[in-house]
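Structure assessment
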Amino acid sequence: MEKSHRLILVYLSLMFALVLAVVPLPAIVKLFRPDWPLLVLFYWALALPFRVSIGTAFVTGFLLDVLVGTVLGVNALAYSVIIYFCSVHHLKIRNFSILQQSLVIALFLAFYHYFIFWLSHFLTGVVFTMAYLWPVVTGAAVWPWIFWLLRRIRRQFKIH
C-alpha cells in the first residue's frame, strides 16, 4: 500500500469521528458525548506529528463548525491551538503511561471546553454550567480505547 493510500485511513478515521460527533442522541446522553474528532486528532498528532498537525486540526474543526452549526471558526481555532500544544509536546506525552496520557488529555479537553466557552460567551453570551465539563471526563475515560484501536490500525496498515 502506498503512503498516500495509508494516509487516507487517517482522514477516514477523522471523518468517522466527525460522524460520531453529529449522530443524534437523547438529550441526557448527549451531555456525556466525548469530543471524538479532538480525541482522534490527539492520537494522530501524537503518532504522526509531522503529517497530522495544525492544518489538519483547523480543517477538522472547520468541518465540525459546519456540521454542528456553530459560529464558523470557533472549533477550528480551538482545535488548532490545542493540537499545536499537543504537537509541541508530543515526545513527552508519548512517553507517559496510558493513565498519565488520559490525565493530560483531560487537561487539554478542559482547556478546549474553556476556550470554546470563552469564545461562545464573547460572541453569543452563553452561560457556563458544570454540565459543560462532562465530555472532559468521558473523553479521558475513552482515551485508552481510542489509543488502542487507532494504534492497532496504524500498525496493521503500517501508517507512518
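Described in the following lines is the structure provided in the data block. Remember, predicted model here, so these are calculated numbers, not experimental data.

**Quick word on the layout of surface pockets**
Approximately 750 Å³ is the volume found for the largest pocket. Together, 26 residues line the largest pocket, and Asp35, Val68, Thr70, Tyr112 and His113 are the ones closest to its centre. Counting residues per element, the ones that place at least two in the lining of the largest pocket are α1 (3–22), α2 (27–30), α3 (36–47), α4 (54–68), α5 (74–88) and α7 (98–124). Top contributing element to the lining of the largest pocket by residue count: α7, with five residues. Among the residues making up the lining of the largest pocket, the classes are represented as 17 nonpolar, six polar and three charged.

**Comments concerning the packing of α3 against α7**
Running from N to C, α3 and α7 point in directions that differ by 130°, and their axes come no closer than 12 Å. Overall, the two elements α3 and α7 adopt an arrangement that is oblique. The handedness of the crossing between α3 and α7 comes out as right-handed. Taken together, the residues of α7 that come into contact with α3 (itself represented by Leu38, Leu39 and Phe42) are Ile105, Phe108, Leu109 and Tyr112. Residues belonging to the contact of α3 with α7 are distributed by class as follows: seven nonpolar, no polar and no charged.

Rules of the game
- Residues numbered from 1 in each chain as written.
- Predicted model: local features only at pLDDT ≥ 70, side-chain atom pairs only at ≥ 80, totals over all residues.
- Heavy atoms only, no water.
- 1 Å grid on protein atoms, 1.4 Å probe; cavity = no way out; pocket = protein on both sides within 12 Å on 5 of 7 lines; lining within 4 Å.
- Points joined across faces, edges and corners; volume = space filled by probe spheres on them.
- Helix = DSSP H or I, 4+ residues; strand = E, 2+ residues; numbered from the N terminus.
- Nonpolar A, V, L, I, M, F, W, Y, C, P; charged D, E, K, R; others polar.
- Axes fitted to C-alpha atoms, helices over the stretch in contact; angles between N-to-C directions.
- Parallel < 35°, antiparallel > 145°, perpendicular 65-115°, else oblique.
- Left-handed = near helix turned anticlockwise from the far one by under 90°.
- Contact = heavy atoms within 4.5 Å.

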